[in-house]
Amino acid sequence: MALFKATAYICAFNTANTLMRKIEMVDLKAQYRKIKPAIDQAIMEVVESAAFINGKPVQEFARDLEAYTGAGQVIPCANGTDALQIAMMALNLQPGDEVICPSFTYYATVEVVALLKLTPVFIDVNPKTFTIEAADVEKALTPKTKAIVPVHLYGQSVDMEPLLALAKQHAIPVIEDNAQGIGGTYKFSDGRVKKTGIMGEIGCTSFFPSKNLGGYGDGGAMFTNDEQVAAKLRMIANHGQQVRYYHDMVGVNSRLDTLQAAVLRVKLPLLDEYINARRAAAAFYDKAFANHSQITVPERTNYAYHVFHQYTLLIDGDRDGLVKYLQEHAVPSMIYYPVACHQQKAFAGKGKVIGDMGNTELLTKRVISLPMHTELDEEQLGYITEKVLEFFK
Ligand SMILES: *Cc1c(COP(=O)(O)O)cnc(C)c1O
């Protein structure tokens, strides 16, 4: 078996006729090589300063990110999951309060809901955009609904305008899970354009290395335009204290490392360029798979600027066979996500499920994400698309 795999691997290189670079799901090594001097210097400066906790780059990065996103305030924290948890803690939710969220998302979105003893209310997604819609949120509303969590999945904004209107009408705060959406935008019907993550009461993001703006370890941040909310988020992330050793409430310890902030400060000015590279790869894939009877390319909406955290196809056929075929030809792929949140063991008997979840359950069986990163070249893209198409012949 191992021998067979190795042979297939060598063949993969021969087919391309030159020494094609190994295809990675995310190629962080190649990306680093291009920015090595700036990154190495930024890291050395932190090491020399020994200000590992709350060093100057942390605040500088927060200011840079405020300027980039247009957020009133950016509050850095340790990771995206913490950002979501701290956001929910800041809303004074009580055990049993209901939080409406998609079931088709990364598990962290809903894990924090359960951790805080709140009730996740799972709703279905639009099967074309992979995201939740206001009409389904409305069906899930009860007097106990205390928050709505839209997730900008794969890098495409949720249709926020109707959702924000509904939330406003019922005075329910919106927490955006922007872990996959950073750099993306949403266009309102009056022409205004806003970055994802700054449209709800609180936006949350992650700097996990493979995210669109990734550090060299864990990291996260919260966005808000409300100063009081910002103060609260800061306090909760800092052991519930505003003044050192005076704790006004029970909080957590969640900080962005100075080293991570220093790396992220180097990478933030490159984010738009990185997004362009992702979009170019997506356009290549789109063209190759256009009008294929068994492959559906990701839908583009007229309101979202898609930043392609993932490039995800819908397969009408043997999806798992395709994964295996690609693997045999040295093309990595991933299933995001094979199990919906409401079907996870951890949620057995917990939470509420609204409707039949038909779309969500179908998506778990049909989606496949192809390699997507900033360093894909045409030779690699050509090879990947050739292998995908070959499988269906
Ligand atoms: C990555 C991710 C998170 C969690 O971020 P971490 O930094 O890994 O804790 C939350 N939600 C979504 C949608 C994500 O993709």
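Cut-off values and rules
- Residues numbered from 1 in each chain as written.
- Predicted model: local features only at pLDDT ≥ 70, side-chain atom pairs only at ≥ 80, totals over all residues.
- Heavy atoms only, no water.
- Salt bridge = Lys/Arg side-chain N within 4 Å of Asp/Glu carboxyl O.
- Buried < 20%, exposed > 50% of the residue type's maximum accessible area, 1.4 Å probe, protein only.
- Domains from an automatic or database assignment.
- Contact = heavy atoms within 4.5 Å.
- Buried area = accessible area lost by both parts, 1.4 Å probe.
- Pairing = 2+ DSSP bridges.
- Helix = DSSP H or I, 4+ residues; strand = E, 2+ residues; numbered from the N terminus.
- Axes fitted to C-alpha atoms, helices over the stretch in contact; angles between N-to-C directions.
- Parallel < 35°, antiparallel > 145°, perpendicular 65-115°, else oblique.
- Left-handed = near helix turned anticlockwise from the far one by under 90°.
- Nonpolar A, V, L, I, M, F, W, Y, C, P; charged D, E, K, R; others polar.
- Polar contact = N/O pair within 3.5 Å; in protein donor to acceptor, adjacent residues only side chain to side chain.

A. A look at the pattern of salt bridges. The final tally for this structure, using the stated rule, is 18 salt bridges. For glutamate 24, the salt bridge goes to lysine 22, with nearest N and O atoms at 3.9 Å. A relative accessible area of 26% places glutamate 24 in the partly exposed class. On the basis of relative accessibility, which here comes to 44%, the residue lysine 22 falls in the partly exposed class. Through salt bridges with shared partners, a single network forms among Arg21, Asp27 and Asp377.

B. Structural view of the domain arrangement of the protein. On domain assignment, one finds that the protein holds domain 1 (2-27 + 270-391) and domain 2 (36-268). In this assembly, 40 residues from domain 1 lie in contact with 46 residues from domain 2. Between domain 1 and domain 2, the buried area comes to about 3,800 Å², and carbon and sulfur atoms account for 62% of it. Counting across the interface, domain 1 meets domain 2 through one salt bridge. Across the pair lysine 352 and glutamate 98 runs a salt bridge whose closest N-O atoms are separated by 3.0 Å.

C. The arrangement of the sheet that holds strand β12 (residues 295-296) in detail. With antiparallel pairing, three strands are arranged side by side in an open sheet as β12-β14-β16. If you trace the sheet from one side to the other, it starts and ends with β12 and β16 (367-370), each paired once. Pairing analysis gives two bridges linking β12 to strand β14 (residues 311-315), with the strands arranged antiparallel. Across the sheet, residue threonine 296 finds its bridge partner in β14, namely leucine 314. Lying over the sheet, helix α10 (residues 271-289) contacts β12, β14 and β16, oriented at roughly 20° with respect to β14.

D. Quick peek at the side chain of glutamine 31. Mapped onto the secondary structure, glutamine 31 falls in helix α2 (residues 28-49). Among residues more than four places away in sequence, those in contact with glutamine 31 are Lys267, Tyr274, Thr374 and Glu375.

E. Structural detail: the sheet that holds strand β7 (residues 193-195). Strand order in the open sheet formed by three strands is β7-β6-β13, and the pairing between neighbours is antiparallel. Across the chains shown, the open sheet's two edge strands, defined by having one partner strand only, are β7 and β13 (304-305). Bridge count between strand β6 (residues 185-187) and β13: two bridges; the pairing is antiparallel. Among the inter-strand pairings, threonine 185 is bridged to a residue of β13, identified as tyrosine 305.

F. Main features of the packing of helix α11 (residues 319-328) against helix α13 (residues 378-391). Relative to each other, α11 and α13 sit at 135°, their axes nearing to 10 Å. The angle between α11 and α13 falls in the class oblique. With respect to the hand of their crossing, α11 and α13 are arranged in right-handed fashion. Where α11 abuts α13, its residues Gly321, Leu322, Tyr325 and Leu326 lie against Lys387, Val388, Glu390 and Phe391. Of the residues belonging to the contact of α11 with α13, the class tally is five nonpolar, one polar and two charged.

G. Spotlight on helix α5 (residues 108-115). Those residues of α5 lying buried are Ala108, Thr109, Val110, Val112 and Val113. Once α5 finishes, lysine 117 follows within two positions and takes phi at roughly 65°, a positive value.

H. Layout of helix α4 (residues 80-90). Along α4, 10 of the 11 residues are buried, which leaves the element largely enclosed by surrounding structure. Those residues of α4 that fall on the buried side of the exposure criterion are Gly80, Asp82, Ala83, Leu84, Gln85, Ile86, Ala87, Met88, Met89 and Ala90. Elements in contact with the buried residues of α4: β1 (73-77), α5, β5 (175-177), β8 (202-206), β9 (220-224) and α8 (227-237). One side-chain oxygen at the N-terminal end of α4 lies 3.1 Å from the backbone nitrogen of threonine 81; it belongs to asparagine 79. Within two residues after α4, asparagine 92 carries a phi angle of roughly 60°, on the positive side.

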